[in-house]
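A closer look at the structure
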Amino acid sequence: NPYVIGYNRIPNGTTTSGETTTVGAYVFDTVKFNEQWMLTGGLRYDHYSTKFDSTALNATSGVLTPTNLKLSDSLWSGKIGLVYKPTENGSVYAAYGTAAQPPGGSNFQLAAGGTGNSAARTDFLPQKAKTYELGTKWDVLNKHVALTAALYRTDVSNEVVQDSVSQQYYQTGKKRVQGIELGVSGAITDNWGVTTGFTTMNTRVLSGPSVLADGSTALAYTPKRAFTLWTTYQLPFGLTIGGGARYNGKLYRGTDGAVGTPAYVESYWVVDAMASYRINKNVDLQLNVYNLFDKDYV
């Protein structure tokens, strides 16, 4: 057909392949001192192995250059929490936990150590996160509804950042997210269930260049406030209907360089709905409708 215009996809020999294998073991236990005090703790060990193979093409000479890199090591992480129950239906707790992500842990890619031109260098240390939380939980309405509140802070260190002048990568970045979480969850009646949550996020780059296009110190695409509300009601003839809303605060653009991306996204609401019907004890049919009013928000 002379009017069909097409093209052929001819392989040029370039390839990229990455794989991470992890073997982990962990222990977790709770020690109950008395009716008021309880201690929980856990320790986890992970051994990871990342393999990255690629073949790059020199556009000038046409020569293919292979790269074969491997990285393996061990990680330790853990958590501990102390719980105090002043009454049977209420508790107050303090918790601390750690996590780590090695080079290549987010995208399965590695780069040779010492070159300074990549965030995935094999000589970089794992990025580390520490989370602190102080909260409380109260069961009300005959323990059918749980009220929760918490203060939290997460600090990330050893983050890989790029120097704006030399364009080299260094492991000196630090960032922090802290805020408040409030929640309500449970059954108001035997047929009416409600789940709602409100979160504030105060984000900041503690060390390293700004990650926002406007140069400020907050983190990209992270709302200062977020809210969710979801409720369901079970009708007598086996039909359950539900609906809810999601709110995200204003989002600021990162330094991603995407053409046409706005400097920020205004705060927005999105409404969802569902309906389900129980045919028998083994089969349910459910219809989910996301963004019910077809809201354009990003």
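Note: the structure precedes this text.
Note that the structure is predicted; figures quoted are calculated from it, not measured.

Focus: the overall build of the chain
When you go through the chain residue by residue, the secondary structure sums to zero helices and 15 strands. For 298 residues, the compact-globule formula gives about 19 Å, and the C-alpha radius of gyration of the chain, at 25 Å, lies well above that figure. Each of the three principal axes of the chain carries a C-alpha extent, and together these read 75 × 65 × 45 Å. Taking all 298 residues of the chain together, the buried fraction comes to 25%. In the chain, 54% of the contacts between residues at least 6 apart in sequence involve partners at least 24 apart. In the form shown here, the chain has an accessible surface area of approximately 19,600 Å², with 56% of it arising from carbon and sulfur atoms. Between the mean site of the 25 positive side-chain charges and the mean site of the 22 negative ones, the chain shows a separation of 3 Å.

Let's talk about the side chain of Ser 77
Looking at the secondary structure, you find Ser 77 in strand β3 (residues 64–87). The residues touching Ser 77, leaving out its near neighbours within four places in the chain, are Gly 42, Leu 43, Arg 44, Thr 98 and Ala 99.

Topic: the environment of Gly 238
Mapping Gly 238 onto the fold places it in the loop between β10 (225–234) and β11 (239–248). Overall, the relative accessible area of 23% leaves Gly 238 in the partly exposed class. Aside from chain neighbours lying at most four places away, what touches Gly 238 is Ser 276, Tyr 277 and Arg 278.

Some thoughts on a nonpolar patch on the surface
On the surface, a cluster of nonpolar side chains totalling about 850 Å² of accessible area is made up of Val 31, Phe 33, Trp 37, Leu 82, Tyr 84, Val 92, Leu 134, Leu 151, Ile 180 and Leu 182. Within the residue set of the nonpolar patch, elements represented by two or more residues are β3 and β7 (169–187). Structurally, Leu 182 can be placed in strand β7.

What to know about the pairing of β11
As judged from the nine bridges shared by β10 and β11, these two strands associate in the antiparallel manner. From the neighbouring strand, Thr 231 faces β11, where its bridge partner is Gly 243. Linking two consecutive strands that pair antiparallel, namely β10 and β11, is a turn of four residues; a positive phi of about 95° is found at Gly 238 within it. Sheet topology places β11 next to strand β14 (residues 268–280); 10 bridges connect them, and they run antiparallel. Bridge assignment links Thr 240 to a residue of β14, and that residue is Ser 276.

As for unusual backbone geometry
Backbone geometry at Phe 108 places phi at a positive 60°, although glycine is not the residue there. Within the secondary structure layout, Phe 108 lies in the loop between β4 (90–101) and β5 (127–140). For Asn 142, which is not a glycine, the phi torsion comes out positive at approximately 60°. Along the chain, the position of Asn 142 falls in the loop between β5 and β6 (145–162).

Comments concerning the nonpolar core
Nonpolar side chains tend to gather and get buried jointly when the protein is soluble and globular. Membership of the largest hydrophobic core is limited to six residues, which are Tyr 48, Phe 52, Leu 69, Leu 71, Leu 75 and Leu 110. Secondary-structure elements contributing two or more residues to this core are β2 (37–57) and β3. By residue number, the principal contributor to this core is β3, which donates three residues.

Describing the packing of aromatic side chains
By the definition in use, this model includes seven aromatic pairs. Measuring from ring centre to ring centre gives 5.1 Å for Tyr 96 and Tyr 132, while their planes differ by 45°; the resulting arrangement is tilted. Of this pair, Tyr 96 sits in strand β4 while Tyr 132 sits in strand β5, placing them 36 residues apart in sequence. Their ring planes at 45° and their centres at 5.0 Å tell us that Tyr 247 and Trp 269 sit as a pair that is tilted. Note that Tyr 247 is positioned in strand β11 and Trp 269 in strand β14, a separation of 22 residues in sequence. Cation over ring: Lys 250 sits above Tyr 264, and NZ or CZ is 4.1 Å from the ring centre.

How each quantity is defined
Residues numbered from 1 in each chain as written. Predicted model: local features only at pLDDT ≥ 70, side-chain atom pairs only at ≥ 80, totals over all residues. Heavy atoms only, no water. Helix = DSSP H or I, 4+ residues; strand = E, 2+ residues; numbered from the N terminus. Rg over C-alpha atoms; globule rule 2.2 N^0.38 Å. Buried < 20%, exposed > 50% of the residue type's maximum accessible area, 1.4 Å probe, protein only. Contact = heavy atoms within 4.5 Å. Areas by Shrake-Rupley, 256 points an atom, 1.4 Å probe, with all protein chains shown as cover. Lys, Arg positive; Asp, Glu negative; His and termini not counted. Charge placed at Lys NZ, Arg CZ, Asp CG, Glu CD. Patch = residues over 30% accessible without salt bridge, like charges linked within 9 Å, V, L, I, M, F, W, Y side chains within 5 Å. Salt bridge = Lys/Arg side-chain N within 4 Å of Asp/Glu carboxyl O. Pairing = 2+ DSSP bridges. Core = buried A, V, L, I, M, F, W, Y, C linked by side-chain atoms within 4.5 Å. Phe/Tyr/Trp six-rings, centres within 6.5 Å; stacked < 30°, edge-to-face > 60°. Lys NZ or Arg CZ within 6 Å of the ring centre and 35° of its normal.

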